[in-house]
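The chain contents come next:
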Amino acid sequence: SLPSGYALGQKYVDGKTGYIYKFVQLDPTLINNALAAGELLVFKASYVATNDVSDGLDATYPRPAGIATAAHVESTSGGATTYCFVLVSGRYATVKTAGASVTGGADSIAIGDPLIPSATIDGGCDRVDKTATNSATGILATIFGWATADDVDANDTVAAEIHLV
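These remarks concern the structure in this document.

1. Brief notes about the overall build of the protein
Step number 1: Broken down by element type, the protein carries 1 helix and 12 strands.
Step number 2: For the protein, the N- to C-terminal ordering of α and β elements is β-β-β-β-β-α-β-β-β-β-β-β-β.
Step number 3: Residues classed as buried in the protein amount to 43% of the 165 residues present.
Step number 4: Partitioning the intrachain contacts of the protein with sequence separation of at least 6 by distance along the chain shows that 57% fall at a separation of at least 24.
Step number 5: Roughly 7600 Å² of accessible area belongs to the protein as shown, and the carbon and sulfur atoms make up 54% of that amount.

Here it is as structure tokens:
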């Protein structure tokens, strides 16, 4: 059952930063049985999010859920369900990228690039290809934010402004 006082999909606005977070349930089959801070989550079902890009490509909910701002472990079979708040509006300094799989080649995300979920790297993001359509599925056409700096090559991360509200 849900923690007392919370509802799935509930939004929280941080009065100090203005950032907005959404309360979601983590899918019990996360990649590597865990979620790292900076990973992009996609919806698997209504307010159920996963970092498994192949599991999140559900035709009913083909949209990014938000950015994990802390590490979490998945629910265990028969154990407690894991819930968390994900960032849906605000800046995040280390969003995971698709690394060498980024459209256009490794480390090619530049400041101002629109960001979309990676089609191949779980929990990672890609950039919108300005010369092609990368819209093979609905989720790839869903922009969740913009790069606020060039990506950090060594870390496979990018600073981004997230806007999913």
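2. Digging into empty space enclosed by the protein
Step number 1: Throughout the structure, instances matching the rule amount to 1 cavity of 30 Å³ or more.
Step number 2: A volume near 50 Å³ is recorded for the largest cavity.

3. Focus on the packing of aromatic side chains
Step number 1: A complete count under the given rule lists 7 aromatic pairs for this structure.
Step number 2: Both rings, one in Tyr-6 and one in Phe-23, keep their centres 5.0 Å apart while their planes meet at 25 degrees; by these two values the pair is stacked. Taken together, the residues Tyr-6 in the segment before β1 (11-13) and Phe-23 in strand β2 (residues 20-26) connect sequence positions 17 residues apart.
Step number 3: For Phe-23, a relative accessible area of 4% corresponds to the buried category.
Step number 4: Members of the aromatic cluster, each reached through a chain of ring pairs, are Tyr-6, Tyr-12, Tyr-21, Phe-23, Tyr-83 and Phe-85.

4. Quick look at the side chain of Asp-27
Step number 1: By secondary structure assignment, the location of Asp-27 is in the loop between β2 and β3 (34-35).
Step number 2: Assessed through its relative accessible area of 5%, Asp-27 is described here as buried.
Step number 3: Of the polar contacts made by the side chain of Asp-27, one reaches the side chain of Lys-44; its length is 3.2 Å.
Step number 4: Not counting residues within four places of it along the chain, the set of residues in contact with Asp-27 comprises Lys-44, Val-48, Ala-49, Thr-50, Asp-55 and Glu-74.

5. Quick notes on the nonpolar core
Step number 1: Counting residues in hydrophobic clusters, the biggest one holds 30 residues, and the most contacted among them are Ile-67, Val-95, Phe-144 and Ile-162.
Step number 2: Contributions of two or more residues to this core are made by β2, β4 (40-45), β6 (64-68), β8 (83-96) and β12 (157-163).
Step number 3: Element by element, the count of residues in this core is highest for β8, at 6 residues.
Step number 4: In this view, Val-95 contacts Gly-38, Ile-67, Cys-125, Asp-156, Thr-157, Val-158, Ala-160 and Ile-162; residues no more than four positions away in its chain are not counted.

6. Regarding the pairing of strand β9 (residues 114-117)
Every other side chain in a regular strand lies on the same face of the sheet, so the side chains alternate between the two faces.
Step number 1: By the bridge criterion, 2 bridges tie β9 to strand β11 (residues 145-147) in an arrangement that is antiparallel. For Pro-114, the partnering residue across the bridge sits in β11 and is Trp-146.
Step number 2: Sheet topology note: the β9/strand β10 (residues 125-127) ladder contains 3 bridges and is antiparallel. Among the inter-strand pairings, Pro-117 is bridged to a residue of β10, identified as Cys-125.

Parameters at a glance
Residues numbered from 1 in each chain as written. Predicted model: local features only at pLDDT ≥ 70, side-chain atom pairs only at ≥ 80, totals over all residues. Heavy atoms only, no water. Helix = DSSP H or I, 4+ residues; strand = E, 2+ residues; numbered from the N terminus. Buried < 20%, exposed > 50% of the residue type's maximum accessible area, 1.4 Å probe, protein only. Contact = heavy atoms within 4.5 Å. Areas by Shrake-Rupley, 256 points an atom, 1.4 Å probe, with all protein chains shown as cover. 1 Å grid on protein atoms, 1.4 Å probe; cavity = no way out; pocket = protein on both sides within 12 Å on 5 of 7 lines; lining within 4 Å. Points joined across faces, edges and corners; volume = space filled by probe spheres on them. Phe/Tyr/Trp six-rings, centres within 6.5 Å; stacked < 30°, edge-to-face > 60°. Polar contact = N/O pair within 3.5 Å; in protein donor to acceptor, adjacent residues only side chain to side chain. Core = buried A, V, L, I, M, F, W, Y, C linked by side-chain atoms within 4.5 Å. Pairing = 2+ DSSP bridges.

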